[in-house]
Amino acid sequence: MLLDFIESPQVYSNILYITSAFSLPIHIFGGYCILYKTPVIMKSVKWSLFNLHFWSFALDLTLSLFVQPYFCSPAFAGFPLGIVQWEKRIPTDILVIYVLAIFKIVPMTIISMFENRYFVLFVKKGPWRYLRYPFLLFNYTLALALCIPVYLEAPIDQENARRVLFETHSQACKVVVDKTRIFVMNYEENIWPSLRRNALNCFVLAEIIFLGVLLRVEMNRAIKNIQSSISLDTLQKQKIFIRALNLQIAIPIAIIFIPAAIAAVLKMKSSSQQGIDNILNIITSLHGASATILMIYLQKPFRKVFLSIVCRGKQVESKNVTEMIPSRLSS
């Protein structure tokens, strides 16, 4: 079966290497478009968009190339399979915190993107220009601060931790031959780690939804009343951009949160479906690439750049034909 096949650490790692080879050029091209092909009218969103792109890029490559975490569900335990395993001096618990921190930063960059649009378009001269920095700082600080308890809760005696892990969850990482590679961060028997994680997820989703709805309401109101200092043409272009941005962000969010929700359900049932966990991790490792593809497709300036590269040969061919026709007529 597919699940049995993908349980193998070697197979799982090879698939992730393939996904990294697929996503790397997409991310590079997306970054190029943002940095060099963002139109002047969207200049104010350039660095917020690049910030989101950069951290999504970092998360994708962390999961698919550098770390490749192999989780021993339902406990919070596992080991790295990526190229970082060749550097033995990096402690596994530090790698776990690194992966966890990037996971938590990516949603905060989405919030920053929506906040940037709201600030630039509607409240640039209001009191929010002073409040926005504490708001953003609080979000990023909260995300990173919640990584600290995870680090502190990791058992010091890993040999005993592995013994307890396999006594509690006998099916965890059953296909792993060298069990000493497994690092246990948490047995997932205490309710507080799950509460912290779920509370942050709900908080982030609530902020994203609130800012998305607020942007839509303010945009519609401004277009309807035309009482904004921004021209109607600019508002219409911004509305199209934000509509595309919503779709660009919504699908990757689903790619992150739906697998997380499924994994949470499996843990609640103490299920050790290693194959399912591996598939969910592979899907999550493609979230940034999917967002970049959507960005290039939905944003007209970036789509034109892509088409100009892909269709360059056809354009040259048609140009040559056009140049040849007059010479035939002249003869």
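Presented here is an overview of the structure given in this document. Quantities reported herein were computed from a predicted structural model and do not represent experimental measurements.

**Structural notes on the nonpolar core**
Phase 1 of the analysis: Core analysis: the biggest nonpolar cluster contains 41 residues, and I110, F114, I208 and I249 have the highest contact counts within it.
Phase 2 of the analysis: Elements supplying a minimum of two residues to this core: α2 (9-36), α3 (46-66), α4 (92-122), α8 (191-225), α9 (232-268), α11 (287-298) and α12 (300-310).
Phase 3 of the analysis: For this core, the element with the highest residue contribution is α4, accounting for 11 residues.
Phase 4 of the analysis: Discounting chain neighbours no more than four positions away, the residues touching I249 are L52, I110, M113 and F114.
Phase 5 of the analysis: Formed by 17 residues, the second largest nonpolar core is a distinct cluster that contains F79, A161, C173 and I182.

**Quick notes on the state of the cysteines**
Phase 1 of the analysis: Counting across every chain of the model gives one disulfide.
Phase 2 of the analysis: The residue that forms a disulfide with C72 is C173, at a sulfur-sulfur distance of 1.6 Å. The sign of the -90 degrees torsion about the S-S bond sets the C72-C173 disulfide as left-handed. Pair noted here: C72 is in the loop between β1 (69-71) and β2 (76-80) and C173 is in the loop between α7 (158-168) and β3 (183-186), with a separation of 101 residues, a long-range link.

**So, a nonpolar patch on the surface**
Phase 1 of the analysis: Taken together, the side chains of I90, I94, I148, Y151 and L152 make up a nonpolar region of the molecular surface, amounting to roughly 470 Å² of accessible area.
Phase 2 of the analysis: Broken down by element, the residue count for the nonpolar patch peaks at three residues, all from helix α6 (residues 147-152).
Phase 3 of the analysis: Along the chain, Y151 turns up in helix α6.
Phase 4 of the analysis: For Y151, a relative accessible area of 39% translates into the label partly exposed.

**Side note on the environment of I296**
Phase 1 of the analysis: Looking at where I296 falls in the secondary structure, it is placed in helix α11.
Phase 2 of the analysis: Its relative accessible area of 10% is what places I296 among the buried residues.
Phase 3 of the analysis: Put simply, I296 and L307 are 11 residues apart on the chain and 9.9 Å apart in space, counted from C-alpha to C-alpha.
Phase 4 of the analysis: Contacts of I296, omitting those with residues within four sequence positions, involve F29, F302, R303 and F306.

Cut-offs used in this document
- Residues numbered from 1 in each chain as written.
- Predicted model: local features only at pLDDT ≥ 70, side-chain atom pairs only at ≥ 80, totals over all residues.
- Heavy atoms only, no water.
- Core = buried A, V, L, I, M, F, W, Y, C linked by side-chain atoms within 4.5 Å.
- Buried < 20%, exposed > 50% of the residue type's maximum accessible area, 1.4 Å probe, protein only.
- Helix = DSSP H or I, 4+ residues; strand = E, 2+ residues; numbered from the N terminus.
- Contact = heavy atoms within 4.5 Å.
- Disulfide = S-S within 2.5 Å.
- Patch = residues over 30% accessible without salt bridge, like charges linked within 9 Å, V, L, I, M, F, W, Y side chains within 5 Å.
- Areas by Shrake-Rupley, 256 points an atom, 1.4 Å probe, with all protein chains shown as cover.
- Salt bridge = Lys/Arg side-chain N within 4 Å of Asp/Glu carboxyl O.

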